[in-house]
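Residue-level listing of the chains:
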Amino acid sequence: MDKLPESLLLEILSRLDNSADVACCRVASKAFNNVFPDLRSISLLCSRFGTSGSVSWSCFKKVFLDLISKLRVVESVCIRLHRVVGVGPFDEDFVKEWLPRVSQTLKSLSLSDLPFPCLSQLNILHLISKYCHNLAELNLRSAWLSVSNLNPIPMLTTLTLESRILQDPHLNQLNKCFPNLRVLNLICVRELQDPKIHHFNLQTCHWSVYNHHTSLTLITPNLITLKIECLCYTAIHIEAPMLSHFHLSVDGPKVYEHPGAGAFTAQKFENLKTLWLDSFYVGFLLSEFPTIKTVETLILGSRNKAPRDARDSKLTLGEVFRVFPNVSSLRINSGAWSELEACLDPQGWEILDGSNKGLKTICAYLMLVDPSLTFSYVVCLLDQCVGLSVVSLLIHSGVDGTQCKSFRSKCMARWPGLKWRWGIWDEGMKDTWITDLQITEHPKSSKKFRL
């Protein structure tokens, strides 16, 4: 080991994700110990019980301060706490012992307090804004974050906040003190009141809302990628003309029990290419959208646990193609497909108006609760979408193998000119695609549809 060049030894240490492992290498090898001061990052996990790969709380401060004092230049610090109960992990005295020393060179800072052990107010943001003027990336996960006496950090481009309480109800301080953000993640941030994100340079945003707000507003003229998750009924307004990728998830039936409570409004989407809609009743969410001619890839999902009772949602293929007339790739997840089946008129086929000619590929996740009904809807879809070339159907892993084989055979016999892809899906599992050989040689020893 001592004969290896120092550059290689340093490269080995820099690839270790946990500074506890780095410390072990320093003890085991004098060569590692000699190059250690040239490392530029610290990542340390603190556990209440000192589990494998972590440092116990009783000696955490001593170990961390020793590590950071020996590095010549510190560019990245990551502290993660796990099951540390009854202590303040980011108390001001501890932070003041090391943050001023590394603040000039620090580019990335991540402080995670798992799983929110205390509800005391933390002024960590104030300390960071006071010392770290060159910080580019900040990740904070804590129970209660204060924004009092916050100074601007103009160099910050990436911010992730995960907090039960953020004392910035309208996000005014966040908009003011981080003017050059390009990536913003607000996860589980509560105690907000009609919050507004107003950032000119923002390009990527992920906003998870877990308690009721009257409204959410985003004014982001350069935003490209947006993901919004709402577990409550909330009015959403978006002004993002450059938006290209949008994932909107709205959960809970209350949004449909209170007309207008979950209204969605937006200025014209002129560049939107990919859209993912996921909702308790996706048909209602779809009705909030104006006609958008730029969308090429559309994903529909439904969170309704009883989708066959979804007749009031009014989700139809006609409505899908009316709102998105130029979609070329369509994916329908299992809940949305069941919602489509539930809304099927038993008196006759749904007649499309011909606006679906651009659809080239479709992927659907099927339950096959009623194989004849599912096949009927496949007929309704494929007979009218004349431009289709590739059809991918994934069947739930719990469906009987004989039913799967019969369903596949009927589909491929009716549309022999299409390229078919077959697969298996299940909740929490990675999709499995089936080869042509596996389709023709289905295992007779099993009644379940599996490989």
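These figures come from a predicted structure and were not determined experimentally.

> Would you mind going over the overall build of the protein with me for this structure?
Summing up its helical and strand segments, the protein has 14 helices and 21 strands in all. Each of the 451 residues in the protein was classed as buried or not, and the buried ones make up 50%. If you take every contact in the protein between residues at least 6 apart in sequence, the share linking residues at least 24 apart comes to 61%. For the protein, the accessible area works out to roughly 21100 Å², and carbon and sulfur atoms hold 52% of it.

> Explain helix α11 (residues 334-342) here, please?
Because an α-helix completes one turn every 3.6 residues, residues spaced three or four positions apart along the sequence face the same direction. Counting buried positions along α11 yields nine of nine residues, so the element is predominantly enclosed. Along α11, the residues that are buried comprise Ser-334, Gly-335, Ala-336, Trp-337, Ser-338, Glu-339, Leu-340, Glu-341 and Ala-342.

> Before we go on, may I ask you to explain unusual backbone geometry in this structure?
Glycine aside, negative phi is the norm for most residues, and most peptide bonds take the trans geometry. With a phi angle near 60 degrees, Cys-188 is a residue other than glycine that sits in the positive phi range. Positive phi, close to 55 degrees, is recorded for Leu-368, a residue that is not glycine. Note on Leu-368: relative accessible area 4%, which makes it buried.

> Help me understand the side chain of Ser-146, please; the structure alone is not making it clear to me.
Checked against the element boundaries, Ser-146 lands in the loop between β5 (137-145) and β6 (158-166). Separated by 3.0 Å, the side chains of Ser-146 and Ser-148 make a polar contact.

> Looking at this structure, how should I read the confidence of the model for the protein?
Mean pLDDT over the protein: 83, with 81% of residues reaching 70 or higher. Confidence drops under pLDDT 50 across residues 442-451; counting only partners more than four residues distant or on other chains, this segment forms 26 contacts.

> Could you clarify how one ought to interpret the pairing of strand β17 (residues 329-332) in this entry?
Note on strand geometry: in a regular strand, side chains alternate between the two faces of the sheet. Residues Leu-330 and Ile-332 line the buried face of β17, whereas the alternating positions Ser-329 and Arg-331 sit on a face that is not buried. Bridge count for strand β16 (residues 297-302) against β17 is four bridges, and the pairing is parallel. Bridge pairing links Thr-297 to Ser-329 in β17. The pairing of β17 with strand β18 (residues 361-366) spans four bridges and is classified as parallel. Each residue of the ladder has a partner; that of Ile-332, found in β18, is Ala-364.

Rules and cut-offs
Residues numbered from 1 in each chain as written. Predicted model: local features only at pLDDT ≥ 70, side-chain atom pairs only at ≥ 80, totals over all residues. Heavy atoms only, no water. Helix = DSSP H or I, 4+ residues; strand = E, 2+ residues; numbered from the N terminus. Buried < 20%, exposed > 50% of the residue type's maximum accessible area, 1.4 Å probe, protein only. Contact = heavy atoms within 4.5 Å. Areas by Shrake-Rupley, 256 points an atom, 1.4 Å probe, with all protein chains shown as cover. Polar contact = N/O pair within 3.5 Å; in protein donor to acceptor, adjacent residues only side chain to side chain. pLDDT = per-residue confidence, 0-100. Pairing = 2+ DSSP bridges.

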